[in-house]
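# Secondary and tertiary structure notes
Here's the letter readout for the chains.
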Amino acid sequence: YGVERICVRSAEDAEAEDLFRRTGFTVVSREEVFALDQEAKPAPQPRGLRRSTLQDEWALDELYRQVVPKVIQQAEGCAPPWAVAERRVVGQRNDTEQYVWADKGRVLACLRLIRTVRGSWIEVLTRPEHRGDILPHLRYLLTRAAPSPQSPVYCPVPDHAVGLGWLLRTLGFEAYTRQVLLVAHTVTRVS
């Protein structure tokens, strides 16, 4: 049980990126982080959206493997972050809610709301063909998050999730920063 890889998210900065590359890290992906610090209008829970359960683990793993590019999957390792029902932010008290949007037994999207003392994060994993239909689900999560100037809501949008940023802007989100995901492998696999 050793460390197989180290993942880092850093602001998209040429100097920092160069430093990480010189110390053995490889760029895996880039993402834009959006922020909302104004009150959201109340929204009902959309049909088909429900809290995830342990019975969803297999379907979430399938969704992850079908939607996330292989290079990111390899960087994140064998325990994809979407397979766990709850995740803790190190050093902060937080509250996590994870929802799945399912239709006819097929998981179309997974949305996670992570509340911390300083603000909340909404993470979205959705099939590309259903990305444009996720607006009511985002509105519902914003109702749950209750954004304010003192407690904004952030949402990272990886470059492979084309169109999600446009939906967030529709809800009042603004671009906050760009960041890069880098990974350094500490072991080499042999056959």
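Turning our attention to the overall build of the protein. Scanning the protein from N- to C-terminus turns up 5 helices and 8 strands. Secondary structure elements of the protein, listed N to C terminal, follow the sequence β-α-β-β-α-α-β-β-β-α-β-α-β. Every one of the 191 residues in the protein was classed for burial, and the buried ones make up 46%. About 11,100 Å² of surface is accessible on the protein, with carbon and sulfur atoms providing 53% of the total.

What follows concerns unusual backbone geometry. One non-glycine residue with positive phi stands out, namely lysine 104, at about 55°. Note on placement: lysine 104 falls in the loop between β4 (94–103) and β5 (106–116). Note on lysine 104: relative accessible area 81%, which makes it exposed. Phi at alanine 146 is positive, roughly 50°, even though this residue is not glycine.

This brings us to the pattern of salt bridges. Tallied over the full model, the rule gives 17 salt bridges. Close ionic contact of arginine 106 with glutamate 129 constitutes a salt bridge, the shortest N to O distance being 3.9 Å. Residue arginine 106 is located in strand β5, and its partner glutamate 129 is located in the loop between β6 (120–126) and α4 (135–145); the two are separated by 23 residues in the primary sequence. What you see here is one network of salt bridges that share partners, running through Glu12, Glu17, Arg21, Arg30, Asp159 and Arg178.

Okay, the packing of aromatic side chains next. Scanning all chains against the criterion turns up 4 aromatic pairs. Geometrically, the ring pair formed by tyrosine 99 and tyrosine 140 is edge-to-face, given 5.8 Å between the ring centres and 90° between the ring planes. With tyrosine 99 in strand β4 and tyrosine 140 in helix α4, the pair connects residues that are 41 residues apart, well separated along the chain. An aromatic cluster is defined as three or more aromatic residues linked by ring pairs; in this entry it consists of Trp121, Tyr154 and Tyr176.

What follows concerns the pairing of strand β2 (residues 26–36). Look at any regular strand and the pattern is simple: side chains alternate between the two faces of the sheet. Bridging between β2 and strand β8 (residues 174–185) involves 9 bridges; their strand directions are antiparallel. When the bridges of β8 are listed, valine 27 appears paired with leucine 182. When β2 meets strand β7 (residues 153–158), the two strands line up antiparallel, connected through 6 bridges. Within the sheet, the bridge partner assigned to phenylalanine 34 lies in β7 and is cysteine 155.

What follows deals with α4. Residues of α4 that are buried: Leu135, His137, Leu138, Tyr140, Leu141, Leu142 and Ala145. Two residues or fewer after α4 comes alanine 146, characterised by a positive phi angle close to 50°.

For the rest of this paragraph, the subject is the confidence of the model for the protein. Within the protein, residue pLDDT values average 87, and 88% of them lie at 70 or more. Ranking the elements of the protein by mean pLDDT puts helix α3 (residues 70–76) last with 82 and α4 first with 96. Below pLDDT 50 for its whole length, residues 84–92 participates in 19 contacts with residues either more than four positions away or in separate chains.

A word on the nonpolar core. Residues Leu111, Ile122, Val124, Ile134, Leu138, Leu164 and Phe173 are the most contacted members of the largest nonpolar core, which totals 27 residues. Taken together, the elements giving at least two residues each to this core come down to β2, β4, β5, β6, α4, β7 and α5 (164–170). A total of 6 residues in this core trace back to one element, the largest contributor, which is α4. Residue contacts for phenylalanine 173: discarding those within four places in its chain leaves Phe34, Ala35, Leu36, Leu142, Val153, Cys155 and Leu168. Residues Leu63, Tyr64, Val67 and Val183 belong to the second largest nonpolar core, which totals 14 residues.

Cut-offs and rules
- Residues numbered from 1 in each chain as written.
- Predicted model: local features only at pLDDT ≥ 70, side-chain atom pairs only at ≥ 80, totals over all residues.
- Heavy atoms only, no water.
- Helix = DSSP H or I, 4+ residues; strand = E, 2+ residues; numbered from the N terminus.
- Buried < 20%, exposed > 50% of the residue type's maximum accessible area, 1.4 Å probe, protein only.
- Areas by Shrake-Rupley, 256 points an atom, 1.4 Å probe, with all protein chains shown as cover.
- Salt bridge = Lys/Arg side-chain N within 4 Å of Asp/Glu carboxyl O.
- Phe/Tyr/Trp six-rings, centres within 6.5 Å; stacked < 30°, edge-to-face > 60°.
- Pairing = 2+ DSSP bridges.
- pLDDT = per-residue confidence, 0-100.
- Contact = heavy atoms within 4.5 Å.
- Core = buried A, V, L, I, M, F, W, Y, C linked by side-chain atoms within 4.5 Å.

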